[in-house]
Structures are given as C-alpha cells and as structure tokens.
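Fold and contact review
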Amino acid sequence: MDTVWWLLSFGALLCLPGVPGLDNGLARTPVMGWLHWERFMCETDCVRNPNNCISEQLFMQMADMMVSNGWLKAGYKYLCIDDCWLATARDEKHRLQADPIRFPGGIKKLADYVHFHGLLLGIYQDLGIKTCAGYPGSQGFYELDAQTFADWGVDLLKFDGCYYENLEQLEEGYRNMSIALNRTGRNIVYSCEWPLYARRFTKVNYTQVAEYCNSWRNFDDIQDSWTSIKMVLDFTAALQEQLVPAAGPGAWNDPDMLVIGNFGLSWDQEVTQMALWSIMAAPLLMSNDLRDINPRSTALLQNQEVIAINQDPLGAQGYRVFKGDNFDLWEKPLTGGSLAVSVTNRQEIGGARQFLLSRGILWKGLACKNKCYITQLLPRRYEYGYFNETFSLLLPVNPSGTVLLRVD
Ligand code: GLA
C-alpha cells in the first residue's frame with residue numbers, strides 16, 4: 001500500500017507539465033506521422049526488393065497513402081525518412097547527397113512532392129562520423145548539414161548518436177545541431193536520441209535535453225513484438241519520476257515508433273500500444289506499410305478520441321499509478337481537469353479479468369465532483385455515463401489488452 005500512496009502523491013504533483021521545452025515554437029503537441037525504420041529498416045536492394053527498398057518511390061507511395069486513406073486528415077502529417085537514404089560520400093562541396101540511384105530526384109524533389117500533398121518531410125542524420133548503418137555522419141559539418149536540410153525543405157530531423165567518441169562530444173553534438181537548425185530560420189522539429197546514449201555514462205539532465213530537443217528517445221529500438229512493447233512500458237514506468245516532469249508542449253519523451261499494423265502484435269496488444277502511447281504523450285510515428293494495412297488497425301490508429309488524449313493541449317505525460325495483481329493502471333491529466341485512465345491486464349493466461357477501478361486511486365485534481373461522465377474509448381467505445389464522486393467500476397480486461405477510459 002505504501003507504494004500506492006507514494007505514487008498517488010507523486011501523481012498529485014503532476015497536474016502541470018514541468019520545464020518549458022525547446023523554444024522553437026514547434027511540436028506543441030506530440031508529432032504525428034510515419035517513420036520508415038522499424039518496418040523497412042536498411043533495405044537498399046531495389047533490384048531484388050523494389051517495393052520495400054528505401055527509395056524515392058517508397059516515400060512517394062506512402063505520401064499518396066497518407067493523403068488518400070485518411071491518415072493526414074487524422075493528424076499524421078510528418079513523413080519521415082530514417083537511416084540509409086544517403087550516398088556513400090559527400091559531394092565536391094562537402095554537402096550531403098541522397099543515394100543517386102534510389103533517390104534520382106534528390107531530397108528537394110521529394111520534399112516538394114510531400115509539401116504539395118500537404119504533408120511535412122522528416123530526415124535522419126547522426127552526430128558522429130557515421131550514421132548507425134554506416135553512411136556519412138554529420139560530425140564536422142553541423143552548420144552545413146542544417147543549412148542543406150533547410151534548403152531542401154526538410155521539416156524534421158531525427159538526429160542519432162552512433163559513432164561518438166565520449167559523453168562530452170555526444171552532448172555537445174546534440175546542443176550544436178539544435179543551435180545550427182535554429183540558425184537556418186526554417187521550422188525544423190528536432191528529434192534526439194541523447195538520453196538513450198548518455199545514460200550509459202551518467203544520470204541524464206532532462207532539463208537540459210528538453211531545452212535543446214523537441215523529443216528524445218530514452219530506450220532501445222522498438223521491435224514488432226509484445227516483449228518489446230512491455231519492455232518500453234516497464235522502462236518508462238521505472239523512470240517516470242525523471243521522465244514525466246521533463247515532458248510538456250515542445251518537449252516529449254519518445255518511446256519509439258508505433259508498430260501497429262505489422263506482424264507481431266495481437267489485436268489486444270495493438271490496443272495496448274495505442275492506448276499507452278496516447279497516455280504517455282508520445283510522438284505518434286507509425287512504422288508500418290500503409291499500402292497494406294488491415295481496416296481494424298487503421299481504425300485504431302485513426303481513432304480521433306484516442307488521438308485527442310495524446311494531443312491534449314495541456315501536454316502532461318501520463319504515469320503509472322498502480323501495479324499489482326498483474327494489472328497496470330496509468331492515468332494522464334487532461335485539459336479542464338479531465339483524466340484519461342488505462343488498465344492493462346498483464347496476465348498472459350486465461351480470459352478477461354475484472355479490474356475494480358475506484359475513484360480513490362485516481363488523480364486528486366479531477367474536476368468532476370458528483371457528476372463524473374465516464375466513456376470507454378478502447379477496446380471499443382462504450383458510455384458508462386454519470387457517476388458520483390465515490391464511483392467504482394468493474395472493468396473486464398483481456399490478457400495483454402488494455403481498457404482506455406476518459407473521465408470528464
Ligand atoms: C538507431 C536508432 C534507430 C534507427 C537506426 C538506424 O539504432 O535508434 O531508431 O534510426 O539507428 O540505423
């Protein structure tokens with residue numbers, strides 16, 4: 001019980017986001033879009049695998065899908081290139097260049113295409129001498145590369161941290177690229193992996209990270225599996241005292257891509273990822289194949305009421321309130337004293353189990369008193385209706401699934 005009370009008082013302090021984020025006016029709510037890495041990785045063989053290689057064609061097709069299949073309308077605006085887009089060398093003026101075979105029109109042409117369709121373009125680089133996959137890195141060329149991205153019309157940079165020499169160089173690299181991007185005068189969202197690499201040496205200074213980055217990865221690369229989702233959630237909960245106060249408009253913890261619509265998650269596990277990424281105020285960057293995705297996963301990813309929890313303007317990151325009896329309970333304060341609540345059944349045997357949700361365990365700042373309206377958003381919509389201040393509710397939750405509610 002002690003743990004619960006400790007967490008409750010911790011939760012009570014979290015009614016407002018903590019430090020102000022990077023002051024570039026961008027990502028006031030978590031970024032939404034698509035990022036190629038988890039699904040397409042570093043496939044560069046367009047002869048043997050023409051439909052799945054990292055190429056201009058892949059991104060143009062995804063752009064088409066984002067517009068014609070409701071993704072853009074649902075809020076997914078950033079189409080992001082990850083590693084492996086580069087040529088193996090810089091040009092004669094030391095500028096970066098895309099692989100000429102796979103991106104025959106160069107990145108500028110792709111940016112124009114993407115912008116014409118109302119989307120924004122993200123790109124990837126690394127602060128070290130090489131990218132993680134071994135392409136030319138930005139070290140020694142931060143100003144030039146930032147300017148090149150701005151000239152091309154890039155709107156987001158994912159800046160990786162492979163091939164650095166020491167902690168000092170890593171931290172300086174992240175700071176300097178932030179400054180270089182700002183100097184270009186173009187609006188470029190800055191997505192970092194600073195804490196993921198820095199925590200190998202030191203306790204991360206999240207106040208500083210949030211001053212320089214719009215979002216930052218804390219944990220290893222996500223994979224298309226339930227094991228991976230669980231690891232991210234448990235890691236985030238274990239570090240929530242540090243992570244949650246750092247998040248707010250302009251600055252977000254990034255638990256990595258949404259893998260919904262791929263091969264590894266069951267329906268209930270997809271619901272869990274969508275619910276918890278919304279509770280965590282995570283960037284919603286899908287990595288899946290929008291040319292081939294089933295209607296149920298599409299509806300889940302495009303669920304406007306769930307997205308509204310992620311995009312809530314208060315920008316408070318949710319946190320785990322309770323863990324016990326193989327249930328995890330998380331909550332996220334929302335604008336106007338409302339609350340999002342999720343209950344995950346972590347028992348992976350048997351059928352649905354009942355969780356008794358009582359008012360007493362939830363956020364003290366909840367605005368509703370004797371008239372609390374409870375709506376279940378996932379796994380399917382259901383209006384529980386009005387409850388008084390001392391409500392309790394019995395919720396059936398499937399194994400590895402999640403029930404997501406909002407209380408207004
Ligand atoms: C690192 C990052 C991944 C991806 C790869 C690309 O592992 O964490 O997200 O960008 O590099 O090589």
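The present account deals with the structure reproduced in this document.

Cut-offs used in this document
Residues numbered from 1 in each chain as written. Predicted model: local features only at pLDDT ≥ 70, side-chain atom pairs only at ≥ 80, totals over all residues. Heavy atoms only, no water. Helix = DSSP H or I, 4+ residues; strand = E, 2+ residues; numbered from the N terminus. Contact = heavy atoms within 4.5 Å. Disulfide = S-S within 2.5 Å. Phe/Tyr/Trp six-rings, centres within 6.5 Å; stacked < 30°, edge-to-face > 60°. Lys NZ or Arg CZ within 6 Å of the ring centre and 35° of its normal.

A separate point is the side chain of Ser400. Residue position: Ser400 is located in the loop between β15 (392-397) and β16 (402-407). Ignoring sequence-local partners within four residues, the contact set of Ser400 consists of Trp226, Ser266, Asp268, Gln269, Thr272, Asn345 and Gln347.

Attention shifts here to the state of the cysteines. If you walk through the whole model with that rule in mind, you get 5 disulfides. Each disulfide pairs two cysteine sulfurs, and for Cys42 the partner residue is Cys84, the sulfurs being separated by 1.9 Å. Every disulfide takes its handedness from the sign of the S-S torsion; for Cys42 and Cys84 that torsion is -110°, giving left-handed. Taken as a pair, Cys42 in the loop between α2 (37-40) and α3 (56-68) and Cys84 in the loop between β2 (78-80) and α5 (106-116) lie far apart in primary sequence, 42 residues in all. Across the disulfide, Cys132 is cross-linked to Cys162 (sulfur-sulfur distance 2.1 Å). Where Cys132 bonds to Cys162 through sulfur, the torsion about that S-S bond is close to 95°, and the disulfide is right-handed. One end of the pair, Cys132, is in the loop between β3 (120-126) and α6 (142-152); the other, Cys162, is in the loop between β4 (156-160) and α7 (167-184), with 30 residues separating them in the sequence.

Taken as a whole and judged by the stated rule, the model has 21 aromatic pairs. Relative to Tyr174, the ring of Phe159 lies with its centre 5.9 Å away and its plane at 90°, an arrangement referred to as edge-to-face. With Phe159 in strand β4 and Tyr174 in helix α7, this residue pair connects regions lying 15 residues apart in the sequence. For the ring pair Phe387 and Phe391, a centre distance of 6.0 Å and an interplane angle of 65° mean the geometry is edge-to-face. These aromatic residues form a ring-pair network of at least three members: Tyr142, Phe159, Tyr174, Tyr190, Trp194 and Tyr212. It is Arg90 that lies over the ring of Phe141; its NZ or CZ is 3.9 Å from the centre.

Keep in mind these values describe shape, not function.
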